[in-house]
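One-letter residues, chain by chain:
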Amino acid sequence: MPKNRIIYFGILVTAGAALLWIGAVFLATIKDVLIYFGAAGVLLIVIGVILEARKSKTPADSENRG
């Protein structure tokens, strides 16, 4: 890490700008698909909630062997 604070902040600003630019380019290529990723995420959450609800309704195997 450089001892001069101006160089340090210059590196941080340059790296931040580069990462934001890369993110903007990446977002421009996938922005049409993002709605489907969001819908898939919501669908997975709903399926998980349904499976957990079914799992809690059925008794465990150890309780049935009694």
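Criteria and cut-off values
- Each chain has its residues counted from 1, running along the sequence as written.
- The predicted origin of the model limits local features to residues at a pLDDT of at least 70 and limits the giving and counting of side-chain atom pairs to 80 or more, whereas totals for whole chains, interfaces and linings rest on all residues.
- The basis for the side-chain values is all heavy atoms of the structure; hydrogens and waters are excluded.
- By the criteria applied, helices consist of DSSP H or I runs no shorter than four residues and strands consist of E runs no shorter than two, each listed in order from the N terminus.
- Type-normalised accessible area, obtained with a 1.4 Å probe on protein chains alone, sets the label of each residue: buried when under 20%, exposed when over 50%, and partly exposed for intermediate values.
- Computed with a 1.4 Å probe, the accessible areas rest on the Shrake-Rupley method; for each residue, only the protein chains presented here act as cover.
- Nonpolar side chains (Val, Leu, Ile, Met, Phe, Trp, Tyr) are joined into patches within 5 Å and like charges within 9 Å, using only residues with over 30% relative accessible area and no salt bridge.
- Only one rule defines a salt bridge in this text: a Lys or Arg side-chain nitrogen within 4 Å of an Asp or Glu carboxyl oxygen.
- A residue's pLDDT is the predictor's confidence in that residue, given on a scale from 0 to 100.
- One fewer than the residue count of a helix, multiplied by 1.5 Å, yields its expected span.
- Distance and chemistry together define a polar contact, namely a pair of N or O atoms within 3.5 Å, with one atom able to donate a hydrogen and the other to accept it when in protein, and with adjacent residues in sequence counting only for side-chain atoms on both sides.

Draft legend 1. Region of the structure containing the overall build of the chain. Looking only at helices and strands, one finds 3 helices and 0 strands in the chain. In the chain, the succession of α and β elements from N to C terminus is α-α-α. Looking at the chain as a whole, 0% of its 66 residues are labelled buried. On the chain, roughly 6300 Å² of surface is accessible, and the fraction owed to carbon and sulfur atoms is 72%.

Draft legend 2. Representation of a nonpolar patch on the surface. A cluster of nonpolar residues, Leu27, Val33, Leu34, Ile35, Tyr36 and Phe37, forms a patch on the protein surface that exposes about 630 Å² of accessible area. The element contributing the most residues to the nonpolar patch is helix 2 (residues 34–57), with 4 residues. On the basis of relative accessible area, leucine 27 is assigned to the partly exposed category, the value being 44%.

Draft legend 3. Highlighting the confidence of the model for the chain. A residue-level look at the chain finds 85% of positions with pLDDT of 70 or above and a mean pLDDT of 88. Least confident of the elements in the chain is helix 3 (residues 61–64), whose mean pLDDT is 59; most confident is helix 1 (residues 5–30), at 95.

Draft legend 4. Region of interest: helix 1. The first and last C-alpha atoms of helix 1 sit 37 Å apart over 26 residues, in line with the 38 Å expected at 1.5 Å per residue. For helix 1, the capping residue at the N-terminal end is asparagine 4, with a side-chain oxygen 3.0 Å from the backbone nitrogen of isoleucine 6.

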